[in-house]
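# Structure at a glance
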Amino acid sequence: MAKFVRVTSPVGSASYPWLMDPDTKFDKDGIYSCNIYVDKDAAKELVEKIDKAYDANIADTKASIGKDKIKPGPKPYELGDDNRYLFKIKQKAKIGESSIRPTVVNAKGKQLTNVSVYGGSEVKVAMDLVPYYVATTGAGITLRLI
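These numbers come from a predicted model, not from an experiment.

A word on the confidence of the model for the protein chain. Predicted confidence across the protein chain gives a mean pLDDT of 92, with 99% of residues reaching 70 or more. Element-level pLDDT for the protein chain is lowest in strand β7 (residues 94–95), with a mean of 88, against a maximum mean of 98 in strand β5 (residues 84–87).

Attention now goes to the pattern of salt bridges. Evaluation of the coordinates by the stated rule reveals six salt bridges. A salt bridge links Arg84 to Asp82; its shortest N-O distance comes to 2.9 Å. In this structure Arg84 comes out as partly exposed when scored by relative accessible area, which is 25%. Judged by relative accessible area, Asp82 falls into the partly exposed class, the value being 43%.

Along the chain, the position of Asn57 falls in helix α1 (residues 40–65). Judged by its relative accessible area of 5%, Asn57 is buried.

It is worth spelling out the packing of aromatic side chains at this point. Evaluation of the coordinates by the stated rule reveals three aromatic pairs. Seen from their ring centres, Tyr77 and Phe87 are 5.9 Å apart, and the 50 degrees between their planes marks the pair as tilted. One end of the pair, Tyr77, is in strand β4 (residues 77–79); the other, Phe87, is in strand β5, with ten residues separating them in the sequence. Exposure remark for Phe87: the relative accessible area of 0% places this residue in the buried category. Between Tyr85 and Phe87 the ring centres are 5.9 Å apart and the planes differ by 35 degrees, which places this aromatic pair in the tilted class. Both residues of the pair, Tyr85 and Phe87, belong to the buried class. Of the aromatic side chains, those joined through ring pairs into one cluster are Tyr77, Tyr85 and Phe87. Lys75 extends its terminal NZ or CZ atom over the ring of Tyr54, reaching a point 4.9 Å from the ring centre.

What counts, and at which threshold
- Residues numbered from 1 in each chain as written.
- Predicted model: local features only at pLDDT ≥ 70, side-chain atom pairs only at ≥ 80, totals over all residues.
- Heavy atoms only, no water.
- pLDDT = per-residue confidence, 0-100.
- Helix = DSSP H or I, 4+ residues; strand = E, 2+ residues; numbered from the N terminus.
- Salt bridge = Lys/Arg side-chain N within 4 Å of Asp/Glu carboxyl O.
- Buried < 20%, exposed > 50% of the residue type's maximum accessible area, 1.4 Å probe, protein only.
- Phe/Tyr/Trp six-rings, centres within 6.5 Å; stacked < 30°, edge-to-face > 60°.
- Lys NZ or Arg CZ within 6 Å of the ring centre and 35° of its normal.

Rendered as structure tokens:
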């Protein structure tokens, strides 16, 4: 998969969002994230797009490294007992020397710069499906905030 695929989630419930300030607990530069819970029926189309990109990345990785078998990496979502998917979406706060920050907008598309998003907030999240391959982890897709 040569290009990132850009998608937007259906409306879901935010879980431990870090959108205004990055979480620096495990990364000194910080990580922005916004995991979301989405009802199974509403998430069907998003899961299909992720699975398609995931399968394409595995096939591309097999072709590029010349192996018939590679380890599949973990998927960036999981289905809970409550019939909701949890999508794990994140973004580094710094790449090289450049600081980056996800854009937060309201329902009318107006950018918000001084508002906090809390767990339980109803949100839609725009993200890129980013392919990766690490020999120890495998090939997969990560969801990156835009």
